[in-house]
Amino acid sequence: MAPTYDVIVLGLGGMGSAAAHHLAARGARVLGLEKFGPVHNRGSSHGGSRITRQSYFEDPAYVPLLLRSYELYERLERDTGREVATLCGGVMVGRPDSRTVGGSLASARQWDLPHEVLDAKEIRRRFPTLTPHGDEVALYEARAGLLRPENTVAAHLQLATRGGADLHFEEPVTRWEELPGGAGVRVHTHENAYTAGQLVICPGAWAPQLLTDLGVPFTIERHIMYWFAPDGGTAPYVPERHPIYIWEDAAGVQIYGFPAIDGPDGGAKVAFFRKGTVCTPETIDRTVYDHEVRAMADQLGPRVPTLPGRLLKAATCMYSNTPDEHFVITRHPAHPESTTVACGFSGHGFKFVPVVGEIVADLALTGTTAHPIDLFDPRRPAAAVA
């Protein structure tokens, strides 16, 4: 008979690996089940870099979680010796009334976050790689920067194993059910059936398949990451000279980009923030087409003139979107005694990975958390709008 665990974690990507670590660190007997291998590139936790920032234009309610996440990222580096965060500074660029600038400024002011507002001339002076229009400004945040998703997942898996978690890879889950009389859950894979007192589901892009009874109409989108070799080389793009950026144009289109963090031959990474196509994990087209590269190049050219330069590579990933683009982190409304879910991170969740792991551990072991997560209730009206 398969062993009985305190908690089974489904999915060991960004959120699931963090949850497994935090649960194991509290002494829980943890089983982690992953459809693919460790630190895989089939979902959303890959691509070499993710932006982190605190002046959060999406909603000021995220800021307390970000402050805790920064603390936990620092601890993760200390505890594993892995490099996961580089705080190179960041600019949120656009017209003063844009969501990117105005929303960032509102969060910074509400939470008294250190920041500066730069006009176009000052942006060009400090960051010669960037050429904003005269009517554009930027919020500059010195504590912004980038995270390394593969290193983050590997670090959390390392700590989960160190804490005694039993991690199974290449073992997809086929189904799960609650046991009668509040006796916990049983999870089935092709290899076995496992029982536990609690279940944590961190499904990423597989949320529509595994959480059909959650009541949230998730949409999965294909997105593309590009790495270009800048004209003239990467020297102006090193983290000491070039910030992360999110740039919103007059039509509301956002792009984002990074310093060159992979040496002189690694290029600089850029992408559209929200310009994806609907897909499923099974139907996603992982080929990147010439017209997609041209669209990225057309957006970059007027703003970062030594890009696009030469395309080095491109890769796809998936956003798991809710209708209002806020997360879902909760005890499952249909299974409140046994099941916790963390999903729908809508393309802006990776910076929260360690604090989500902490929250999920709270919910699974105690049923509640001191962190502010009311915004992430799946029963909020905006989450149920198709």
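Scroll up to find the structure this text is about.
Because the structure is a prediction, the values reported are computed rather than measured. (Residues numbered from 1 in each chain as written. Predicted model: local features only at pLDDT ≥ 70, side-chain atom pairs only at ≥ 80, totals over all residues. Heavy atoms only, no water.)

**Student:** Teacher, can you tell me more about the overall build of the chain here?
**Tutor:** Helices and strands together make up the secondary structure of the chain, namely eight helices and 20 strands. For the chain, the C-alpha radius of gyration of 21 Å lies close to 21 Å, the compact-globule estimate for 386 residues. Projected onto the principal axes, the alpha-carbon positions of the chain cover approximately 65 × 45 × 40 Å. Taken over 386 residues, the chain has a buried fraction of 58%. Considering only residue pairs separated by 6 or more positions, the chain has 73% of its internal contacts joining residues 24 or more positions apart. For the chain, the accessible area works out to roughly 15200 Å², and carbon and sulfur atoms hold 51% of it. Taken together, the 36 basic and 44 acidic charged side chains of the chain have centroids lying 3 Å from each other. (Helix = DSSP H or I, 4+ residues; strand = E, 2+ residues; numbered from the N terminus. Rg over C-alpha atoms; globule rule 2.2 N^0.38 Å. Buried < 20%, exposed > 50% of the residue type's maximum accessible area, 1.4 Å probe, protein only. Contact = heavy atoms within 4.5 Å. Areas by Shrake-Rupley, 256 points an atom, 1.4 Å probe, with all protein chains shown as cover. Lys, Arg positive; Asp, Glu negative; His and termini not counted. Charge placed at Lys NZ, Arg CZ, Asp CG, Glu CD.)

**Student:** Any chance you could explain the sheet that holds strand β3 (residues 50-52) here in plain terms?
**Tutor:** What holds strands together in a sheet is hydrogen bonding between their backbones, with the strands either parallel or antiparallel. Taken in spatial order, the three strands of this open sheet run β3-β8-β4, and their pairing is antiparallel. Two strands close off the open sheet at either side, each with one partner strand: β3 and β4 (85-86). Sheet topology note: the β3/strand β8 (residues 145-147) ladder contains three bridges and is antiparallel. Looking across to β8, one finds that R50 is bridged to L147. (Pairing = 2+ DSSP bridges.)

**Student:** Just checking my understanding: could you explain helix α1 (residues 14-25) for this structure?
**Tutor:** Each α-helix winds once per 3.6 residues, and so residues spaced three or four apart point in a common direction. Taking 1.5 Å per residue, 12 residues should reach 16 Å; α1 reaches 17 Å between its end C-alpha atoms and fits that length. Those residues of α1 that fall on the buried side of the exposure criterion are G14, M15, G16, S17, A18, A19, A20, H21, H22, L23 and A24. At the C-terminal side of α1, G27 shows a positive phi close to 90 degrees. (Expected span 1.5 Å × (residues − 1).)

**Student:** Is there a simple way to think about the pattern of salt bridges in this case?
**Tutor:** Any two side chains of opposite charge can pair, so long as their charged atoms come close to each other. By the definition in use, this model includes 18 salt bridges. Residue R26 is joined to D362 by a salt bridge in which the shortest nitrogen-to-oxygen separation is 2.7 Å. Of this pair, R26 sits in the loop between α1 and β2 (30-33) while D362 sits in helix α8 (residues 353-366); the two residues are 336 residues apart in sequence, bridging distant segments of the chain. By relative accessible area, D362 is classed as buried at 14%. Linking D135 and R95 is a salt bridge whose minimum nitrogen-to-oxygen distance equals 3.2 Å. Remark: R95 occurs in the loop between β5 (90-94) and α3 (99-110) and D135 occurs in the loop between α4 (120-126) and β7 (137-141); sequence separation between them is 40 residues. The partly exposed category is assigned to D135, whose relative accessible area is 40%. (Salt bridge = Lys/Arg side-chain N within 4 Å of Asp/Glu carboxyl O.)

**Student:** Hey, could you run me through the environment of D249 in this one?
**Tutor:** With respect to the helices and strands, the residue D249 is situated in the loop between β14 (244-248) and β15 (254-257). Note: C-alpha distance between D249 and R303 (54 residues apart in sequence) is 9.8 Å. Beyond its immediate stretch of four places on either side in the chain, D249 contacts Q299 and R303. A distance of 2.9 Å separates a polar atom in the side chain of D249 from the backbone nitrogen of A251. In this structure the side chain of D249 is engaged in a polar contact, spanning 2.8 Å, whose partner is the backbone nitrogen of V253. (Polar contact = N/O pair within 3.5 Å; in protein donor to acceptor, adjacent residues only side chain to side chain.)

**Student:** It is not clear to me how the state of the cysteines should be interpreted in this structure. Could you clarify?
**Tutor:** Defined simply, a disulfide is a covalent bond joining two cysteines at their sulfur atoms. For the structure shown, the criterion picks out zero disulfides. The closest cysteine sulfur to the non-disulfide-bonded C317 is located on C279, 9.6 Å from its own sulfur. No disulfide involves C343; its nearest neighbouring cysteine sulfur is the one of C202, lying 8.4 Å away. What makes C343 buried here is its relative accessible area of 1%. (Disulfide = S-S within 2.5 Å.)

**Student:** It is not clear to me how the pairing of strand β20 (residues 339-343) should be interpreted in this structure. Could you clarify?
**Tutor:** Remember that side chains alternate between the two faces of the sheet whenever the strand is regular. In terms of burial, β20 is largely enclosed, as five of its five residues are buried. Neither face of β20 is open: one carries T339, V341 and C343, the other T340 and A342, and all of them are buried. Examined bridge by bridge, strand β12 (residues 193-201) and β20 share three bridges and lie parallel to one another. Among the inter-strand pairings, I201 is bridged to a residue of β20, identified as V341. Note: strand β19 (residues 328-331) against β20, four bridges, orientation antiparallel. By the bridge assignment for β20, V328 is matched with C343.

**Student:** Please clarify how the packing of α1 against α8 should be interpreted in this entry.
**Tutor:** Geometry of a packed helix pair, given as the angle between the helix axes and the separation of the axes. Running from N to C, α1 and α8 point in directions that differ by 55 degrees, and their axes come no closer than 7 Å. Judged by the angle between their axes, α1 and α8 are oblique. For the pair α1 and α8, the crossing hand works out as right-handed. Across the interface between the two elements, G14, M15, A18, A19, H22 and L23 from α1 touch V353, P354, V356, G357, E358, V360, A361, A364 and L365 from α8. The class makeup of the residues in the contact of α1 with α8 is 11 nonpolar, three polar and one charged. (Axes fitted to C-alpha atoms, helices over the stretch in contact; angles between N-to-C directions. Parallel < 35°, antiparallel > 145°, perpendicular 65-115°, else oblique. Left-handed = near helix turned anticlockwise from the far one by under 90°. Nonpolar A, V, L, I, M, F, W, Y, C, P; charged D, E, K, R; others polar.)

**Student:** Whenever I open this one, the pairing of β15 confuses me. Can you help?
**Tutor:** Here β15 shows no split at all, with Q254 and Y256 on one side and I255 and G257 on the other all buried. Hairpin remark: β14 followed by β15, antiparallel, with five residues in the connecting loop; positive phi at G252, about 90 degrees. Two elements, β15 and strand β16 (residues 268-272), share three bridges in a ladder whose sense is antiparallel. Counted as the bridge partner of G257 is V270 from β16.

**Student:** So what exactly am I meant to see when it comes to the packing of aromatic side chains here?
**Tutor:** Between two aromatic rings, the relevant description is the distance of the centres plus the angle of the planes. The tally for this structure, following the rule as stated, stands at 15 aromatic pairs. Between the aromatic rings of F327 and F376, the centroid separation amounts to 5.1 Å while the plane-to-plane angle is 25 degrees, which identifies the pairing as stacked. Here F327 is found in the loop between β18 (310-321) and β19, whereas its partner F376 is found in the segment after α8, with 49 residues between them in sequence. For the residue pair F327 and F376, the accessibility class agrees, reading buried in each case. Here the guanidinium or amino end of R274 rests over the ring plane of F273, the centre of that ring lying 4.9 Å away. Directly above the ring of W227 sits K313, whose terminal nitrogen or CZ lies 4.6 Å from the centroid. (Phe/Tyr/Trp six-rings, centres within 6.5 Å; stacked < 30°, edge-to-face > 60°. Lys NZ or Arg CZ within 6 Å of the ring centre and 35° of its normal.)

Interpretation note: all reported values are geometric properties and have no functional meaning in isolation.
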